[in-house]
Amino acid sequence: MTEQKRMLTCPDCTNGKIIMYGHTHYGRQRYQCNNCQWQFMATNDYWIAPKRES
């Protein structure tokens, strides 16, 4: 079985082009969308599982 990576999506525009954008003062990873420039921290709500091929 191969390991599948989950993809992070923007909570504002749902685009998948995300970059790491530093850390908060609490040490949590911050991300920024390349499409809309929205900055956010990843929670389980923003991770999507890859599509499975049948």
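Higher on the page you've got the structure.
Residues numbered from 1 in each chain as written. Predicted model: local features only at pLDDT ≥ 70, side-chain atom pairs only at ≥ 80, totals over all residues. Heavy atoms only, no water.

A. Molecular detail of the sheet that holds strand E3 (residues 29-33). On the basis of which strands lie adjacent, the open sheet formed by 3 strands has the order E2-E3-E4 and antiparallel pairing. Where the open sheet ends on each side, the last strands, each with one partner, are strand E2 (18-23) and strand E4 (39-41). Each strand axis lies, on average, 40° off the axis of its neighbour in the sheet, ignoring direction. (Pairing = 2+ DSSP bridges. Helix = DSSP H or I, 4+ residues; strand = E, 2+ residues; numbered from the N terminus. Axes fitted to C-alpha atoms, helices over the stretch in contact; angles between N-to-C directions.)

B. Inspection of the environment of methionine 7 at higher detail. For methionine 7, the location among the structural elements is in strand E1 (residues 7-8). Taking the C-alpha atoms as reference points, methionine 7 and lysine 17, separated by 10 residues in sequence, lie 9.5 Å from one another.

C. Structural detail: the side chain of threonine 24. Along the polypeptide, threonine 24 turns up in the loop between E2 and E3. Residue threonine 24 is classed as buried on the basis of its relative accessible area of 18%. With residues near it in sequence (within four places) discarded, threonine 24 still touches Arg30 and Met41. (Buried < 20%, exposed > 50% of the residue type's maximum accessible area, 1.4 Å probe, protein only. Contact = heavy atoms within 4.5 Å.)

D. Highlighting the pairing of E3. In the sheet, E2 pairs with E3 via 4 bridges, with the strands oriented antiparallel. Looking at E3, one finds that methionine 20 is bridged to tyrosine 31. If you look at the hairpin formed by E2 and E3, you'll find 5 residues sitting between the two strands, and glycine 27 has a positive phi there, around 95°. Pairing between E3 and E4: 3 bridges, direction antiparallel. Across the sheet, the residue bridging to glutamine 32 is glutamine 39, located in E4. In sequence, E3 turns back onto E4 through a hairpin of 5 residues, with glutamine 37 there showing a positive phi of about 65°.

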